[in-house]
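Here are the chains, one letter per residue:
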Amino acid sequence: MHRFTLAILLSLHLPLLVVASQEFKVVGPLTQHFQDWLAKNGYTDDFVRADNMVTQGSYGGKTSDAQQIIKSPVIFIHGNSDAALRQGFGRNDMLGWENTIDYFLKHGYTSAELYATSWGNTNPNFASARTHDCSTTQRLRRFLQAVLDYTGADKISLVTHSMGVTLGRKIIKGGKIQADDGACDLGVPIRNVDVFVGLSGGNYGLCNCEGAGTIEPTCNKQDGLWPGDSCGMNYLDCGLTVLPFPCSGPTYSKFLTDLNGDMQQEAKRVVSAWSDGDDLIMYGTIVWGKSTCLIPRSTDKKTYVTYTHMETKELTYEDQYNWVNRI
């Protein structure tokens, strides 16, 4: 099977469209009201992320004490090398959750009910270095908890994409992680998640990470996306649609094994969606005979045919809205 580094693959599937209007449809960052609340309540994390186009590293929050929160809040978690909102209008600039948040806003939501913060950075040359480490997971867990406490919501939903799927699942489930930056414990599970949407996640790893792929940190066997090098007598061919030999119970990364083995469901409704034409995951998203994008114990699933990896986030905003609102 061919080997591609994640940096190369990410550069190939970056958005190609140049927007003529040169105007952001959605502008962040977190409102001053939310920023003030975070400071008063002891949050020292940089959730604003002004390093991302000043305003485009985050989104969400009330404009004043008087603003009411009517709808259940939604948190959006992007994938590797992406950002909370659109980063520019060149062929290599990520769109973040711009299309989705814009659609939600046009259908009755307010900034007080929609939240996102960037993690990592948008340089695809660093994509192969990113893992499910303690630094990233703990920060995103704190953001999730902050939104819950700030809004006072009795339930919340998450919409996630790519590596954001496995990060999102872990910050809900909580528990221990043995990562490349040490060991940590995210705490008890968060049990008031109503809907969890996972778009194009690598829940069983990526076949481009098998074999020599583990040289890249993001593919490591501890907290990376290693799918295992063998299953039964099948060896280094995890992306085959039809495997030559029987396969059951492959050994894959510890982080993903622990995540999938945790029987606590992420939400009351868990939606998995992906595209057979995914140009990053490749192989029709197959890993040892099943789609790596299918979250264990999902209640709903949808398969697109021709969307690219990024298009499963950027062009499915109506489906995302319908899933969250149970339409």
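Above: the structure in question.
In what follows, the accompanying structure is described.

What counts, and at which threshold
Residues numbered from 1 in each chain as written. Predicted model: local features only at pLDDT ≥ 70, side-chain atom pairs only at ≥ 80, totals over all residues. Heavy atoms only, no water. Helix = DSSP H or I, 4+ residues; strand = E, 2+ residues; numbered from the N terminus. Rg over C-alpha atoms; globule rule 2.2 N^0.38 Å. Buried < 20%, exposed > 50% of the residue type's maximum accessible area, 1.4 Å probe, protein only. Contact = heavy atoms within 4.5 Å. Areas by Shrake-Rupley, 256 points an atom, 1.4 Å probe, with all protein chains shown as cover. Lys, Arg positive; Asp, Glu negative; His and termini not counted. Charge placed at Lys NZ, Arg CZ, Asp CG, Glu CD. Axes fitted to C-alpha atoms, helices over the stretch in contact; angles between N-to-C directions. Parallel < 35°, antiparallel > 145°, perpendicular 65-115°, else oblique. Left-handed = near helix turned anticlockwise from the far one by under 90°. Nonpolar A, V, L, I, M, F, W, Y, C, P; charged D, E, K, R; others polar. Pairing = 2+ DSSP bridges. Polar contact = N/O pair within 3.5 Å; in protein donor to acceptor, adjacent residues only side chain to side chain. Salt bridge = Lys/Arg side-chain N within 4 Å of Asp/Glu carboxyl O. Phe/Tyr/Trp six-rings, centres within 6.5 Å; stacked < 30°, edge-to-face > 60°. Lys NZ or Arg CZ within 6 Å of the ring centre and 35° of its normal.

### Quick look at the overall build of the protein
Of regular secondary structure, the protein possesses eight helices and 13 strands. A globule of 327 residues ought to have a C-alpha radius of gyration of about 20 Å, and the protein, at 19 Å, matches this closely. Each principal axis of the C-alpha atoms in the protein carries an extent, and together these give about 65 × 45 × 40 Å. Split into buried and exposed, the 327 residues of the protein put 58% on the buried side. Residue pairs at least 24 apart in sequence account for 78% of intrachain contacts in the protein once pairs closer than 6 positions are excluded. Total accessible area on the protein stands at roughly 13,100 Å², and carbon and sulfur atoms take up 54% of it. Charged side chains of the protein number 29 positive and 34 negative; the gap between the two group centres comes to 5 Å.

### Thoughts on the packing of helix α3 (residues 98-106) against helix α8 (residues 317-324)
For the pair α3 and α8, interaxial distance at closest approach is 9 Å and the crossing angle is 55 degrees. Between α3 and α8, the angle is such that the two are oblique. The two elements α3 and α8 meet at a crossing, and its hand is right-handed. Residues Asn99, Thr100, Tyr103 and Phe104 of α3 pack against Tyr317, Glu318, Gln320, Tyr321 and Val324 of α8. Class assignment of the residues belonging to the contact of α3 with α8 gives a composition of five nonpolar, three polar and one charged.

### A look at the pairing of strand β7 (residues 193-199)
The buried fraction of β7 amounts to seven of the seven residues, a majority that puts the element mostly inside the structure. In this structure, strand β4 (residues 156-161) lies alongside β7, joined through five bridges in parallel fashion. Each residue of the ladder has a partner; that of Thr160, found in β7, is Gly198. Where β7 and strand β10 (residues 269-275) come together, five bridges link them in parallel fashion. If you follow Phe196 over to β10, its bridge partner there is Val270.

### A short note on the side chain of Asn80
For Asn80, the position within the fold is in the loop between β2 (74-77) and α3. Its relative accessible area of 10% is what places Asn80 among the buried residues. Of the polar contacts made by the side chain of Asn80, one reaches the side chain of Ser81; its length is 3.3 Å. In this structure the side chain of Asn80 is engaged in a polar contact, spanning 2.9 Å, whose partner is the backbone oxygen of Ala127.

### Quick look at the sheet that holds strand β3 (residues 114-117)
Pairing is mixed across the open sheet formed by seven strands, whose spatial order is β1-β3-β2-β4-β7-β10-β13. Edge positions in the sheet fall to β1 (58-59) and β13 (300-304), since each has one partner strand and no second. Sheet topology places β2 next to β3; three bridges connect them, and they run parallel. Bridge pairing in β3 links Ile75 to Tyr115. Docked against the sheet, helix α4 (residues 134-151) engages β2, β3 and β4, running at close to 155 degrees with respect to β3.

### Some words on the pattern of salt bridges
The tally for this structure, following the rule as stated, stands at 13 salt bridges. With its nearest N and O atoms 4.0 Å apart, the salt bridge here joins Lys155 to Asp194. Of this pair, Lys155 sits in the loop between α4 and β4 while Asp194 is found in strand β7, placing the two residues 39 residues apart along the sequence. With a closest N to O distance of 3.0 Å, Asp300 and Arg269 form a salt bridge. In this pair, Asp300 sits in strand β13 while Arg269 sits in strand β10, placing the two residues 31 residues apart along the sequence. Arg269 gets classed as buried once you look at its relative accessible area, which sits at 13%. Taken together, the shared-partner salt bridges in this structure form one network comprising Asp82, Lys313 and Glu314.

### A few points about the packing of aromatic side chains
This structure, assessed with the given rule, holds 18 aromatic pairs. Taking the centre distance of 5.3 Å and the plane angle of 40 degrees together, the rings of Tyr103 and Tyr317 count as tilted. Of this pair, Tyr103 sits in helix α3 while Tyr317 sits in helix α8, and the two are 214 residues apart along the sequence. Taking relative accessible area as the criterion, Tyr317 reaches 29% and is therefore assigned partly exposed. Cluster of aromatic residues (ring-pair linked, three or more members): Phe34, Trp37, Tyr43, Phe47, Tyr115, Phe143 and Tyr150. A cation over a ring is seen here: Lys62 above Tyr150, with NZ or CZ 5.8 Å from the ring centre. Here the basic side chain of Lys221 rests over the ring of Trp226, its NZ or CZ set 4.7 Å away from the ring centre.

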